[in-house]
Amino acid sequence: MAFRGFPEEALEFYEGLEADNSRTYWTDRKATYDTAVLGPMRDLVALVAAEFGELKIFRPYRDVRFSKDKAPYKTNIAAAGDTPGGASVYVGLSADGLFSGSGYYRMAKDQLERYRRAVDDDRTGDDLTAAVKEVEAAGFEVHGSALKTAPRGFPRDHPRIELLRMTGVYAGRQFPVAKWLHTKACADKVVAAWRGVRPVTDWLDTRVGPSTIPPEGRR
């Protein structure tokens, strides 16, 4: 079916799940999840596939094996996929609204080596600084996991130390709940965010690119 947005019931489902993250709640409302949450996300993923490739919808179950929090279900639904250039695109829906972003969420060792060389170089490093400023000026936020100090071999007073410390870089926007969320215009917001952060993701695709390390050896 054509994507028509996420209905009110999707937000109500996650509001209730946040209050009662139990198997009983989930089981009693599984039909609502399937029709109001999972169904629209599948339609959205199908809609954007032509431009951004196939996105995988994440399972709703949390991995609680090594967590003190034993709540069994995630309080959001999300989908992500890799674009041909290397950047990943991500979209997630929760009771708080919708997040849409793109980037390199967790770089493998070979990617980090290329990233740090490019950030260290004055020319290419300044290009990334300019791209970040451009994206932020357009209303997006740039985030990323980061080391507490400078990576080995780089000075702590490096002019781009904040970028050098990052081990993942992504940009996007958190949209609060709004009427457009329940219409097909929701897809336009998602895609506009992915396109809007391209100054950053294009830099990453050019200077970093996909990892050549097999998936089982990246961590």
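In this text, all values refer to a predicted model and were calculated from it rather than measured experimentally. (Residues numbered from 1 in each chain as written. Predicted model: local features only at pLDDT ≥ 70, side-chain atom pairs only at ≥ 80, totals over all residues. Heavy atoms only, no water.)

### A short note on the nonpolar core
Using the following cut-off: Buried Ala, Val, Leu, Ile, Met, Phe, Trp, Tyr and Cys residues form a nonpolar core when they are joined through side-chain atoms within 4.5 Å. Exposure classes here rest on a 1.4 Å probe applied to the protein chains alone. A residue is buried below 20% of its type maximum, exposed above 50%, and partly exposed in between. Comment: elements are numbered from the N terminus, with helices defined as DSSP H or I runs of at least four residues and strands as E runs of at least two. In what follows, a contact means two residues having at least one pair of non-hydrogen atoms within 4.5 Å.
Counting 35 residues, the largest nonpolar core has Phe6, Leu44, Val91 and Leu98 as the members making the most contacts within it. Elements with a contribution of two residues or more to this core: α1 (8-19), α2 (23-28), α3 (30-52), β2 (76-82), β3 (88-94) and α7 (185-196). Ranked by residue count, the leading element in this core is α3, at 9 residues. Excluding its chain neighbours within four sequence positions, the residues that come into contact with Leu98 are Phe6, Val91, Gly92, Leu93, Arg173, Gln174, Phe175, Leu181, Cys186 and Val190. Judged by nonpolar contacts, the second largest core, of 26 residues, contains Ala118, Leu164, Val169 and Val197.

### Some details on the pattern of salt bridges
The criterion, for reference: When a carboxyl oxygen of Asp or Glu is within 4 Å of a side-chain nitrogen of Lys or Arg, the pair counts as a salt bridge.
Applying the stated criterion across every chain yields a total of 9 salt bridges. Here Glu51 makes a salt bridge to Arg195, at a shortest N to O gap of 2.7 Å. Taken together, the positions of Glu51 in helix α3 and Arg195 in helix α7 put the pair 144 residues apart, joining distant regions of the chain. When its relative accessible area of 40% is taken as the criterion, Glu51 is described as partly exposed.

### Some points on the sheet that holds strand β6 (residues 169-176)
Definition in use: Pairing between strands requires that DSSP locate at least two bridges from one strand to the other. Fitting a line to C-alpha atoms yields each axis, with helices limited to the stretch in contact; the angle taken between N-to-C directions then spans 0 to 180 degrees.
Ordered by their spatial adjacency, 6 strands build an open sheet running β1-β2-β3-β4-β6-β5, and the pairing between neighbours is antiparallel. Looking at the sheet topology across the chains shown, the edges are occupied by β1 (56-57) and β5 (141-143). The pairing of strand β4 (residues 97-104) with β6 spans 8 bridges and is antiparallel. From the neighbouring strand, Phe99 faces β6, where its bridge partner is Gln174. In the packing of α3 onto the sheet, the strands contacted are β1, β2 and β3, and the crossing angle to β2 comes to about 20 degrees.

So far we have only geometry, and geometry alone does not tell us how the molecule works.
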